[in-house]
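Chain by chain, the residues run as shown.
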Amino acid sequence: MISIVRRRINCYNPNAMNTQSLDTVRATFFAHDLRAGGAERSVIRLANAMVRRNIPVELVLINRTGAFLSELDPQVSIFELSGNRTATSIFSLYRYIKAARPQFIIASMTHINAAVILASLFVLTRPFLIVVEHNQYDMNLVQKSGLVRLAYRLAPLLYRFADVVAGVSEGVRVSVARAMGVSRDTVSVLYNPVVTPELTIKAAEPARHDWLISRDVPVILAVGRLMPSKNYPLMLEAFSKLRSTRPVRLIVLGEGKLRPDLESLAGMKGISSDVDFVGFRDNPLAFMKACDVFLMSSDWEGHPTVLIEAMACGAPIVSTDCRSGPGEILCDGSFGRLVPVGDAEALADAVSNALDDPGDPAPRIAHANTFSDDRAVTAYLSAAGFKMAEEMKTEAV
């Protein structure tokens, strides 16, 4: 049985590394780069939120590249390892840890987590390690190949050397615990930081798309990488069924290797004139604020940030009830419509119903605020054993 050190979230653990106040915190993040992905966006938001709390933050990157670099607070310092692949950067990361002696490191995604654990194993003064999984472990494993797949195979052995192992949702926690062969209580839940002070500002910006400016036909919006897990073919099938019954359009934000195939599929179904694959946009929030329905058709997820962002923008939501995240985020359908995975007819009907009855956006917006970046920072710091100011006040009474 693998033993993973357990850290409770949102409570102080006297056995954790630190028992001091936030005045002594120095946070370090490790990532490959800052490409446009969910895990990378979470790193940016956590780092920026920590800076707002006057916490020194350093971001260690293998490559200082990626669309999200522009969103990083200038107070976050960046250390570039100047490598190519994660596996070949482990020795460089070891030298960084040995020289810089970071207090605690936060890493996300399995191959990144494996690298930071390996790099820290041979350092005399080891940093406190928080490793986070962002998706269904077993589903991701079958999609990987090469050295990344090897990292997945090694993770059950390596994760016992981490101080906190966490999933970004209850469903991911269960998946990780099953893969590790441990009780799910041994793995923590650390929700992604989603709602930020900038969200409202960005959502208020104009959505630069003719369909959202003219407003003559209802617009459905989807946001996410064009990859198999998102099941965009199902979305196009559902959209085709819906379009046969009423005027409607679909905008898809996101890039990926499946784009040519999806555009071809839309052409085969005769819906190309009402489907626009617009690629990556640096402000999807403006689109979420302006759309009539936000749609997700995934076969599996981790804890889909886009659903929370869409809720925070007040958009009516329709999603497949996949593993994991949508049911947890939407409270089993209280804040959006959930349909069975793979059911195009049910998806089309749910979107039609959402167009007819969008509901009050206020409860959706209020619920989205439970996933704020400030709450996420508190959870991460508590997981590392730092006392929150409110805890210190309570103890002093």
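The preceding data block contains the structure.
Residues numbered from 1 in each chain as written. Predicted model: local features only at pLDDT ≥ 70, side-chain atom pairs only at ≥ 80, totals over all residues. Heavy atoms only, no water.

### A word on the nonpolar core
Our working rule: Side-chain atoms within 4.5 Å are what join buried Ala, Val, Leu, Ile, Met, Phe, Trp, Tyr and Cys residues into a set we call a nonpolar core. The cut-offs for exposure are 20% and 50% of the maximum accessible area for each residue type, with area from a 1.4 Å probe on protein chains only; residues under the lower value are buried, those over the upper are exposed, and the others partly exposed. Numbering of helices and strands runs from the N terminus; a helix is a DSSP stretch of H or I covering at least four residues, while a strand is a stretch of E covering at least two. Here a residue-residue contact requires only that any non-hydrogen atoms of the pair lie within 4.5 Å.
In this structure, Phe29, Phe30, Met50, Leu93, Phe104, Val116 and Ile130 are the most contacted members of the largest nonpolar core, which totals 69 residues. Per-element tally for this core: the top contributor is helix 1 (residues 38–52), with 7 residues. Sequence-distant contacts of Phe30, defined by excluding residues within four places in its chain, comprise Val60, Ile62, Leu81, Leu93, Ile105, Ile106, Ala107, Ser108, Ile112, Ala115 and Val116. With 33 residues, the next largest nonpolar core counts Trp211, Phe287, Met311 and Ile329 among its residues.

### A word on the sheet that holds strand 4 (residues 104–108)
Short version of the rule: In this scheme, strands are said to pair when DSSP sees at least two bridges between them. The axes used here are C-alpha line fits, helices contributing only the stretch in contact, and every angle between their N-to-C directions lies in the interval 0 to 180 degrees.
Strand order in the open sheet made by the 7 strands is 3-2-1-4-5-6-7, with parallel pairing throughout. The sheet terminates laterally at strand 3 (77–80) and strand 7 (188–189), the two strands that pair on one side only. This element, helix 3 (residues 110–120), spans strand 1 (27–31), strand 4 and strand 5 (128–133) of the sheet and lies at about 165° to strand 5. Against the sheet, helix 16 (residues 373–383) makes contact with strand 4, strand 5 and strand 6 (164–167), and its axis sits at roughly 130° relative to strand 5, the strand it touches most.

### So, the environment of Ala366
With respect to the helices, strands and loops of the structure, Ala366 is situated in helix 15 (residues 361–368). Sequence separation between Ala366 and Gly314 is 52 residues; the distance between their C-alpha atoms is 9.3 Å.

### A closer look at the sheet that holds strand 10 (residues 275–279)
Sheet strands pair via backbone hydrogen bonds, and the direction of the pair is either parallel or antiparallel. The strand order across the open sheet built from 6 strands is 10-9-8-11-12-13, with neighbouring strands paired in parallel fashion. Of all strands in the sheet, those bounded by a partner on one side alone are strand 10 and strand 13 (337–339). On average, adjacent strands in this sheet sit at an angle of 20° to one another, irrespective of strand direction. Relative to strand 9 (residues 249–253), strand 8 (residues 219–223) runs parallel, the two sharing 5 bridges. From the neighbouring strand, Val223 faces strand 9, where its bridge partner is Leu253.

### Examining the packing of helix 9 (residues 232–243) against helix 14 (residues 344–356)
Rules: Note on angle classes: values under 35 degrees are labelled roughly parallel, values over 145 roughly antiparallel, values of 65 to 115 roughly perpendicular, and the remainder oblique. Here is the rule for handedness: rotate from the far helix to the near one, and if that takes an anticlockwise turn smaller than a right angle the crossing is left-handed, while a clockwise turn gives right-handed. For this classification, Asp, Glu, Lys and Arg are treated as charged, while Ala, Val, Leu, Ile, Met, Phe, Trp, Tyr, Cys and Pro are nonpolar and the rest, including Gly, are polar.
Between helix 9 and helix 14, the least distance of the axes is 8 Å, while the angle of their chain directions is 60°. Looking at the two axes, helix 9 sits oblique to helix 14. Judged by the sense of rotation from one axis to the other, the crossing of helix 9 with helix 14 is right-handed. Residues Leu234, Met235, Glu237, Ala238, Lys241 and Leu242 of helix 9 pack against Ala344, Glu345, Leu347, Ala348, Val351, Ser352 and Leu355 of helix 14. Considered class by class, the residues forming the contact of helix 9 with helix 14 number 9 nonpolar, 1 polar and 3 charged.

### With respect to helix 14
How we decide: Every helix has an expected span of 1.5 Å times one less than the residues it contains.
For helix 14, which comprises 13 residues, the first-to-last C-alpha distance of 19 Å matches the rise-based estimate of 18 Å (1.5 Å per residue) to within 8%. Taken together, the buried positions of helix 14 are occupied by Ala344, Ala346, Leu347, Ala348, Ala350, Val351, Ser352, Ala354 and Leu355. Buried residues along helix 14 sit in contact with strand 8, helix 9, strand 11 (293–296), strand 12 (317–320) and strand 13.

### Thoughts on the pairing of strand 1
Inclusion rule: If the strands point away from the viewer and the path from the first strand over the helix to the second runs clockwise, then the crossover is right-handed.
Among the 5 residues in strand 1, 5 count as buried, and that is most of the element. Side chains of strand 1 alternate between two faces, with Ala27, Phe29 and Ala31 and Thr28 and Phe30 buried alike. As judged from the 5 bridges shared by strand 1 and strand 2 (residues 57–61), these two strands associate in the parallel manner. When the bridges of strand 2 are listed, Phe30 appears paired with Val60. Crossover strand 1 to strand 2 through helix 1 is right-handed. Both strand 1 and strand 4 contribute to a ladder of 4 bridges, which runs parallel. Counterpart to Phe29 in the pairing with strand 4 is Ile106.

### Here's the deal with the pattern of salt bridges
Between side chains of opposite charge, a pair can form as their charged atoms come close. Under the convention used in this document: When a carboxyl oxygen of Asp or Glu is within 4 Å of a side-chain nitrogen of Lys or Arg, the pair counts as a salt bridge.
Per the stated rule, a full pass over the model turns up 20 salt bridges. Among the salt bridges present, the one from Asp374 reaches Arg53, with a minimum N-O distance of 3.0 Å. In this pair, Asp374 is assigned in helix 16 and Arg53 in the loop between helix 1 and strand 2, connecting sequence segments 321 residues apart. Given a relative accessible area of 26%, Arg53 falls into the partly exposed group. Across the pair Glu237 and Lys241 runs a salt bridge, and its minimum N-O distance is 3.6 Å.

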